[in-house]
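Residues per chain, in single letters:
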Amino acid sequence: MIQSFLPYIDHNTRILILGTMPGVQSLARQEYYAHPRNHFWKIMYTLFNSLPMDDAFSKKINLLQEHAIGLWDVLENCERKGSLDVHIKNQKENDFISLFEQYPQINTIIFNGKESHKYFFKKFGQIKGITYYVMPSTSPANTMSFDKKFALWSSCF
């Protein structure tokens, strides 16, 4: 059984980016999107004209929070061999009902990949007042080019 991280959300958060469950390297480092070939941080830093990227995870989170962006996962825990979402079983979703009660200012959810979207909608359906985007996974398992991923992700902001 593996556990997700606590959310990186504050009372300024308007946009919430949701993954499914951190991968093996992210869990080992206790940092979201820690795999060196994951495009997530490069997309964010490019989007906000903040290159070069910081190495410190806390500074990466600060960049998101400066732009009213929060980060979490749809699943609280699950069983999974490796990092691929297709191997997830016995999952439990995070408590989004309580989250949206605590942070009612969140009005946009961006799903990092189709699987996070699938798990969220299966449990919670569409929540009134939220705009949803399903973006291509930033994972290195998704072989789409960085430029194509960046163009698609840019459309959400």
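Now for a quick tour of the structure. Predicted, not measured: the structure shown is a model, and the values here were computed from it. (Residues numbered from 1 in each chain as written. Predicted model: local features only at pLDDT ≥ 70, side-chain atom pairs only at ≥ 80, totals over all residues. Heavy atoms only, no water.)

**Details of the sheet that holds strand S5 (residues 89-93)**
Next up, step 1: Reading across the sheet, the three strands line up as S1-S4-S5 and stay open at both edges, with antiparallel pairing between neighbours. The sheet is open, and its two edges are formed by strand S1 (2-3) and S5, each paired on a single side.
Next up, step 2: As judged from the two bridges shared by S1 and strand S4 (residues 75-79), these two strands associate in the antiparallel manner. In the strand pairing of S4, Ile2 is matched with Cys78. (Pairing = 2+ DSSP bridges. Helix = DSSP H or I, 4+ residues; strand = E, 2+ residues; numbered from the N terminus.)

**Things to note about the layout of surface pockets**
Next up, step 1: The volume enclosed by the largest pocket comes to roughly 570 Å³.
Next up, step 2: Lining the largest pocket are 29 residues; nearest its centre among them are Asn38, Ser83, Asp85, Ser137 and Ser139.
Next up, step 3: If you list the elements that add at least two residues to the lining of the largest pocket, you get helix H1 (24-29) and helix H5 (114-124).
Next up, step 4: No other element matches H1, which puts three residues into the lining of the largest pocket.
Next up, step 5: Considered class by class, the residues forming the lining of the largest pocket number ten nonpolar, 14 polar and five charged.
Next up, step 6: Of the voids in this model, the second largest pocket is the one considered here, and its volume is about 230 Å³.
Next up, step 7: Lining of the second largest pocket is provided by 15 residues; of these, Tyr33, His35, Pro36, Met53 and Lys60 occupy positions nearest its centre. (1 Å grid on protein atoms, 1.4 Å probe; cavity = no way out; pocket = protein on both sides within 12 Å on 5 of 7 lines; lining within 4 Å. Points joined across faces, edges and corners; volume = space filled by probe spheres on them. Nonpolar A, V, L, I, M, F, W, Y, C, P; charged D, E, K, R; others polar.)

**Topic: helix H3 (residues 57-66)**
Next up, step 1: Those residues of H3 that sit buried are Phe57, Lys60, Ile61, Leu63 and Leu64. Along the axis of H3, the buried residues cluster in a sector spanning 150 degrees; they form a single face.
Next up, step 2: Elements in contact with the buried residues of H3: helix H2 (40-47) and strand S3 (69-73).
Next up, step 3: With its phi angle positive at about 60 degrees, Ala68 sits one or two positions after the end of H3. (Buried < 20%, exposed > 50% of the residue type's maximum accessible area, 1.4 Å probe, protein only. Arc of directions from axis to C-beta. Contact = heavy atoms within 4.5 Å.)

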